Amino acid sequence: MKTYFTEQTGFFGKSKPSRLLREFGSPLYLYNEAILRERCREMAGLISCSRFKPNYSTKANSSPELLKIIREEGFDADAMSPGEIHILLASGFKPEEILFVANNISTGEMEYALNKGVLISCDSISQLCRYGRLNPGGAAVVRFNTGIGAGHHEKVITGGENTKFGVNIELSGEVRAVLKEYRLRLVGINQHIGSLFMEAAPYVASVKSLLSVAEKFEELEFIDMGGGIGIPYHKQDGQKRMDLEDLGGRLSELLMNWAAVRHKDTKVKMEPGRYITAECGVLLGTVHAVKQNSSRTYIGTDIGFNVLIRPAMYDSYHDIEIYENDEIIKSDQKNVVTVTGNICETGDILAKDRELPPVMEGNIIAIMDAGAYGYSMSSNYNCRLRPAEVLIGMDGTPRLIRRRETMEDLMM
Ligand code: LLP
């Protein structure tokens, strides 16, 4: 027996898929506030330590209305660019609540963050020197690479040997020399081993290494362990959630022992993105064609990879629900089909050789767990318009939080 996420969670609240598409257009990104808040609370309670405060990683979903809710839930935030800093500040985050986790930025971009009062994490000696020249005597943060990486695809593993990120921990002596040269105070260190792991072991091992680096720097005010906590994308087949209790327990123990030995009350941070926003988002679209090409049946929808690029870019899997007259089609009869979008590329595939109930033109299709790296990675490729975003509030009422783009936007 499959489980259907929108049914289980009452995802659509007081509305129905067909009404939502009529009102806001197809395709459509929908977010559920209750699920978002639930995920925030789970993550905020991960570590039993008053010095723990997670940063939300804005890149997963930078919709201002969601950012406001995440802040309300007590999160600080990470930014990856001046644009994300701008959106965070405009959404109510204070400069001191933001960490700019920078990668290969220009002097101008450093100046932007410094002028806003936002801390910058440098991820190479080269960038740390540039920072030192710009802000001698200032507070610095360095991102380390502990040599450990994990993630759902090689493109998103950010620790270990095959990645551009971080300063190798073996180079902490050089970091110390640069700090001295520019009289910088190292107030924080961070890491990020990669995105979407479901097991605690690599993360815990890497935190252990990071703590051994922390030993070497007296003035540290915080240690930031990075993001990457996975979510179950195969819920229909009963995939289990990551065991957060196990992860939280192991981290708490590690950190408590470390603090006890060091007699320090260093703050502890994390950088979760996907865990916070993936599951509160469902992407709705419409089936416009069903066709047979050679041996394959293609389901043609309006969800091109300009709207959701994860399947095309990483072969990522998302559960799919199909609706007929607003009811989920749960027929026992299953066909193997390939679900595609409307972009002019053969790789525009949402789901390859997927078992689905019979699908017809006019059916509504829903892509689950689309709240992270969905809208934030969308584009205007093929001059397609980005969809609207709608938030289903705590009382189940839908509210437009970002309008659908117009043809005029394409000329800007
Ligand atoms: N911190 C840093 C420095 C990061 O680079 C990332 C993600 C995060 C935190 C948040 O990671 P999360 O908790 O969301 O896994 N587009 C890919 C994921 C790319 C992640 C990039 N970095 C995807 O759709 O799977």
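Residues numbered from 1 in each chain as written. Predicted model: local features only at pLDDT ≥ 70, side-chain atom pairs only at ≥ 80, totals over all residues. Heavy atoms only, no water.

## Some remarks on the overall build of the protein chain
Line of reasoning, step 1. Across its full length, the protein chain holds 12 helices and 19 strands.
Line of reasoning, step 2. Here the protein chain has a C-alpha radius of gyration of 22 Å; the compact-globule value for 412 residues is 22 Å, and the two agree.
Line of reasoning, step 3. Reported as C-alpha extents along the three principal axes, the dimensions of the protein chain are approximately 65 × 50 × 45 Å.
Line of reasoning, step 4. Counting every position in the protein chain, which comprises 412 residues, the buried fraction comes to 56%.
Line of reasoning, step 5. In the protein chain, the proportion of contacts linking residues at least 24 apart, taken out of those at least 6 apart, comes to 71%.
Line of reasoning, step 6. Averaged over its 48 positive side-chain charges, the protein chain has a centre that lies 3 Å from the centre of its 54 negative ones. (Helix = DSSP H or I, 4+ residues; strand = E, 2+ residues; numbered from the N terminus. Rg over C-alpha atoms; globule rule 2.2 N^0.38 Å. Buried < 20%, exposed > 50% of the residue type's maximum accessible area, 1.4 Å probe, protein only. Contact = heavy atoms within 4.5 Å. Lys, Arg positive; Asp, Glu negative; His and termini not counted. Charge placed at Lys NZ, Arg CZ, Asp CG, Glu CD.)

## Comments concerning the site of the ligand
Line of reasoning, step 1. The immediate surroundings of the ligand are formed by 20 residues, with S195, E271, R274, R310 and Y373 found nearest.
Line of reasoning, step 2. In isolation the ligand has 580 Å² of accessible area, and contact with the protein removes 93% of it.
Line of reasoning, step 3. Among the detected pockets, the ligand sits in the largest pocket.
Line of reasoning, step 4. Tallied by class, the residues present in the shell around the ligand amount to eight nonpolar, seven polar and five charged.
Line of reasoning, step 5. When we break the shell around the ligand down by domain, the ones giving at least three residues each are domain 1 (5–30 + 278–411) and domain 2 (33–277). (Near = heavy atom within 4 Å. Areas by Shrake-Rupley, 256 points an atom, 1.4 Å probe, with all protein chains shown as cover. 1 Å grid on protein atoms, 1.4 Å probe; cavity = no way out; pocket = protein on both sides within 12 Å on 5 of 7 lines; lining within 4 Å. Sits in = over half its atoms within 2 Å of the grid points. Nonpolar A, V, L, I, M, F, W, Y, C, P; charged D, E, K, R; others polar. Domains from an automatic or database assignment.)

## A closer look at the packing of aromatic side chains
Line of reasoning, step 1. According to the stated counting rule, one finds eight aromatic pairs in the structure shown.
Line of reasoning, step 2. An angle of 75° between the planes, with centres 5.7 Å apart, marks the rings of F11 and F12 as edge-to-face.
Line of reasoning, step 3. Residue F11 is classed as buried on the basis of its relative accessible area, which comes to 0%.
Line of reasoning, step 4. Relative accessible area serves as the criterion here: at 9%, F12 is assigned to the buried category.
Line of reasoning, step 5. Seen in terms of ring centroids, Y29 and Y31 are 6.3 Å apart; in terms of plane orientation they differ by 10°. Their pairing is stacked.
Line of reasoning, step 6. Residue Y29 is classed as buried on the basis of its relative accessible area of 0%. (Phe/Tyr/Trp six-rings, centres within 6.5 Å; stacked < 30°, edge-to-face > 60°.)

## Concerning the domain arrangement of the protein chain
Line of reasoning, step 1. For the protein chain, the domain assignment lists domain 1 (5–30 + 278–411) and domain 2 (33–277).
Line of reasoning, step 2. If you look at the interface, domain 1 gives 30 residues, while domain 2 gives 32 residues.
Line of reasoning, step 3. Counting the surface lost from both domain 1 and domain 2, the interface buries some 2600 Å², and carbon and sulfur atoms represent 54% of this.
Line of reasoning, step 4. The largest share of the area that domain 1 buries against domain 2 comes from E279, Y314 and Y373, three residues that together contribute 24% of it.
Line of reasoning, step 5. Counting across the domain 1 and domain 2 interface gives five salt bridges.
Line of reasoning, step 6. Here D369 and K235 are joined by a salt bridge, their closest N and O atoms 2.7 Å apart. (Buried area = accessible area lost by both parts, 1.4 Å probe. Salt bridge = Lys/Arg side-chain N within 4 Å of Asp/Glu carboxyl O.)

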